[in-house]
Every structure is written in C-alpha cells, then in structure tokens.
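# Survey of secondary and tertiary structure
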Amino acid sequence: MVVVTRLSLAIVMLFAGRSAVAQERGVAIVDVTVIDVVAGSRIPRQTVLISGPTISGVGPSREVGRPAGFRVVNGQGKFLIPGLWDMHVHLSMIGRSALAVFLSTGVTGVRDMGGNPATVLAWRDSVAAGTLDGPRIKAPGNIVESSRWLRSIIGRTEKLDQPELLAELKRRFALETAADGPRVVDSLARLGVDFIKIRNYPSAEAYAAFAGAARARGLRIAGHAPLPALLALVSDSGFTSFEHSLIGVRGGKLIDAFDGMPDTSQARLLGRFAANGTAWDPTLVSARTRFISDSARDRIIADSTGATDPALRYVSATLRQSWRAGRALAGVSPKEDWTEIYQANLRDVRRMKDAGIVILAGTDVAVSTLVPGFSLHDELELLVSGGGLTPAEALAAATINPAKVLGLDQSSGTIAVGKLADLVLLDHDPLADIRATRSIRAVMANGRFYDRTMLDQRLEASRR
C-alpha cells in the first residue's frame, strides 16, 4: 500500500507540473547572461522571451519589454545556455524513466544510437507531439552489423542467460554483400528512422552499395569507425560521425588508427574528415569505464541506494539489467588493453579540433556505470581536463555542434529569435568552469518551463 501511495503521489506531481506550465502565456527570463556558444562569449543583462516552443525575443533588458501574462524569471547573476545534447545513447536499454532524468540534468536532446525501434521511435514521436516529457530524440532504428561479426557475437551470447541482450542482437540487420545494402536501407527507411547506424563493416564493395542506397533515400550514416584502410572511403561516403575510438590492428593487438601512419598521411586524412564534414564523438566517459575494476563495477551495478554515487539512485531496473548483461558478455569476450588507445584518444581531441573536425559530446549511456544525464557532464569535464578543449569548445560540443551535425542548426543550438526554446539556466558561469553545467536552476524544453523544484520532483518520480 505504501508503494502504491508513493507512486500515485509522483504521478500527481508530474501532471500538476504540466498543468501549471500549460497555463503560462510565455516566459521572460530577465537580466540574465546569455552564453553565445558560437563565439564562446558572454552577453550580460539580457532578457529572453519564450512563446510556446520558440524564442520570441532576445535583447538588452532595458530595451525588451515583458509582455502581460508572461511568467517572469529573475536571471540576475545566472547564465543561460542552449539545451544540451547527448549524442550517443541507447534509450531502449536504459528505460523510459531515464527521459525525466535527462531533462532534469539539462539534456534536452539525445541521439539514440540503436536499440528496439518499436520503443524508441514511439517515444520520439510522443515527445515531439508533447504527450511525453523528455528530450528531443533522433533515432536510427536497428543497428547494422557485418554478418560475420553478428553471427559470432550471437553465438557467444546464446551461452549466457541474457534473453534481453540476445533479443537485441537478433534485431540487428546483417550486411555482407553489395546486394544486402538496398534491402537493409529500405527496411530502415520504412520504419521512419532519422539516420542509419553501423558498427562493424563488410567489404568495401558491400559498404559502398549500402552507402549509395542510403544517399538515394536521403539517410545519412553514423557509427563506429572502420579499420584505417577504409577510413577515407567511409568519410567520403557522407558519413556523419565516427563514434568512440579510431582503432587499427597490428600483430593481433588493437592500436590507435594513427599509430605508425606517416605524419603527412595523418594530416591528409584529418583534412579529408574536415572537408567531408565527418565529425568525431569520442565518448571518453565510456572509454574510461574500461579501467574500472571488476569488483568496483559489481558494487556500482548492485548499488540502488546511491551509496557509491547519489546519481545511482536514478538508474532504472531496465538499465541495471543492461549493465548486468554487459558484465556477463564481457566475461566471454577477448580481453584487450585499452590504455594506449585511450591516451591517444585524449591527445586526438585537441588535434582533431585544431584540424577543423567537429567534436561531439556523447556518452554511450547503457554502458555499465554510466548514469543518463549525469554522465554527459562527466564527458564535458573530460573533454576539457583530458582532451584539452576550452570550456567554450566543450560547451559547443553539446549544443551548436550537434545541431549542425543533425541538420538542425537553423532551428536550434543557439539562443536567437525564432529558434526552439530548449534552454538551461545555470547558477554559475560555464565558460569559467565547465563543471558549472551541473549548476542547473531551471530547464526549458518543448514549450515547458521546469524550475528546480519541478526538476527535483521528476527525479524523485523516476526513482520511485
């Protein structure tokens, strides 16, 4: 009876918050410092007007009036940034309650990178329709894999007692020959996906046919980087972004893709990525989890009270089960030493940024120990402390850069009239210290204003 009462209270709190926001004619955030994520600068004493889901006015507070009936939010001493994007998540593996956690941590948009399309595409459409609270979602549907790799991993997983993981692997589309490409692309297009995700690659000929079919359908491709021999071909195909580490193989050992490559060849390849608009999403926070000991990982997976980290209180049962499945699969997978590759990734962040390659902030949430929303702030910190980006560059990696890569920069990614009012109000200056992105006072998303009390209520409801 106690559980039912608490759950009912959480539902009432959620709907009460939605009704209160629906009654607002608009929102005026007054005397706030607006962060220009393109220039990496501060614009003080601004008033930002929001009408419905869009920004209707931005300018000096002395010049911008406050329309009657608008909710007035005092922004004095506070900082306004565009809503954050996590550019690598797996929603069907983390559970619906994570949508509220994302919003409560300032993540107003996510790029799903593969899972159960029936679940994720339904959430995407419900959020867009305003019937479900959550971040905007871009999704690829079923992941595409080389058939050889897929057969191998399914064979290993069938020996484990992990039915959800096995079902996910069997949903994936196998790619082996040039004839497979159009069939796979057509299947995904019929689902209504936003783009296509590939992980493991077939032959160059088969990939070229696949990429050509995707271009014909107007669908871009993103995913894992191929081995070095195919990097140029894949980038030239219109590839959106390489995810995670760029790796090669030498003597049966994984190495950084640039290891041993002449400097001139490296420079030409990086220039090609930049010219093609191929972005890089290093997911440093995910790579770092490889160095967590088995005993520490087991403690985190079992911690539902937040004793290890308070953020663990908001991990859903679905996500915790995904962590267990990943732990089981790791037990039957080859062991690799990722130390040198991780250190190379850190060095490459600054190097790629200087080469003109767009850097994205993504986490690979669903990987064990990573908590939705909270882990994005960890990623931003790592881009600065480990990757050598400035706080402004790291902030761009979660705001304007995702908007550009997703083709949404005309409607989002910056604070300007006519753009979507996906916004985060901070207590501290993120250009002075990127850790300030955690100091969230309020969030604006999908035409709704969530103050700190409402955000905390959503976190509590997700926990219950």
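Our subject is the structure listed above.
Here is what the cut-offs are and how they apply
Residues numbered from 1 in each chain as written. Predicted model: local features only at pLDDT ≥ 70, side-chain atom pairs only at ≥ 80, totals over all residues. Heavy atoms only, no water. Helix = DSSP H or I, 4+ residues; strand = E, 2+ residues; numbered from the N terminus. Rg over C-alpha atoms; globule rule 2.2 N^0.38 Å. Buried < 20%, exposed > 50% of the residue type's maximum accessible area, 1.4 Å probe, protein only. Contact = heavy atoms within 4.5 Å. Areas by Shrake-Rupley, 256 points an atom, 1.4 Å probe, with all protein chains shown as cover. Lys, Arg positive; Asp, Glu negative; His and termini not counted. Charge placed at Lys NZ, Arg CZ, Asp CG, Glu CD. Polar contact = N/O pair within 3.5 Å; in protein donor to acceptor, adjacent residues only side chain to side chain. Axes fitted to C-alpha atoms, helices over the stretch in contact; angles between N-to-C directions. Parallel < 35°, antiparallel > 145°, perpendicular 65-115°, else oblique. Left-handed = near helix turned anticlockwise from the far one by under 90°. Nonpolar A, V, L, I, M, F, W, Y, C, P; charged D, E, K, R; others polar. Core = buried A, V, L, I, M, F, W, Y, C linked by side-chain atoms within 4.5 Å.

### Points about the overall build of the chain
- Within the chain, the regular secondary structure consists of 17 helices and 19 strands.
- For 464 residues, the compact-globule estimate of 2.2 N^0.38 gives 23 Å, and the chain sits close to it at 22 Å.
- In terms of overall dimensions, the chain has C-alpha extents of about 65 × 60 × 40 Å along its principal axes.
- Residue burial in the chain is summarised as follows: out of 464 residues, 55% are buried.
- Partitioning the intrachain contacts of the chain with sequence separation of at least 6 by distance along the chain shows that 69% fall at a separation of at least 24.
- Put simply, the chain shows about 19,000 Å² of open surface, and 53% of that area lies on carbon and sulfur atoms.
- In the chain, the 55 positive side-chain charges and the 46 negative ones have mean positions that sit 3 Å from each other.

### A short note on unusual backbone geometry
- One non-glycine residue, Arg-45, lies in positive phi territory at about 55°.
- Positionally, Arg-45 belongs in strand E2 (residues 41-51).
- What makes Arg-45 exposed here is its relative accessible area of 59%.
- Positive phi is not limited to glycine here, since His-244 has a value of about 70°.
- Tracing the backbone through its elements, the reader meets His-244 in the loop between strand E13 (241-243) and strand E14 (247-250).
- Residue His-244 is classed as buried on the basis of its relative accessible area of 13%.

### As for the environment of Gln-266
- Mapped onto the fold, Gln-266 is located in helix H9 (residues 263-276).
- Using a relative accessible area of 8% as the deciding quantity, one classes Gln-266 as buried.
- C-alpha of Gln-266 to C-alpha of Arg-220: the two residues are 46 residues apart in sequence and 25 Å apart in space.
- Beyond its immediate stretch of four places on either side in the chain, Gln-266 contacts Phe-258, Met-261 and Arg-351.
- Looking at Gln-266, its side chain comes within polar contact range of the main-chain oxygen of Phe-258, at 3.2 Å.
- Within polar-contact distance, the side chain of Gln-266 engages the backbone oxygen of Met-261 at 2.6 Å.

### Points about the packing of helix H4 (residues 147-157) against helix H5 (residues 163-171)
- The N-to-C vectors of H4 and H5 enclose an angle of 165°; their axes lie 10 Å apart at closest approach. One way to sum up the angle between H4 and H5 is to call them roughly antiparallel. The hand of the H4/H5 crossing is left-handed. Taken together, the residues of H5 that come into contact with H4 (itself represented by Leu-150, Ile-153, Ile-154 and Thr-157) are Leu-165, Leu-166, Leu-169 and Lys-170.
- Split into classes, the residues belonging to the contact of H4 with H5 amount to six nonpolar, one polar and one charged.

### Focus on the nonpolar core
- In terms of nonpolar packing, the biggest core is built from 96 residues, with Leu-91, Phe-210 and Leu-383 touching the most fellow members.
- The greatest single-element share of this core, amounting to five residues, is contributed by helix H7 (residues 204-216).
- Within the second largest apolar cluster, 16 residues are counted, among which are Ile-50, Ile-55, Val-73 and Met-444.

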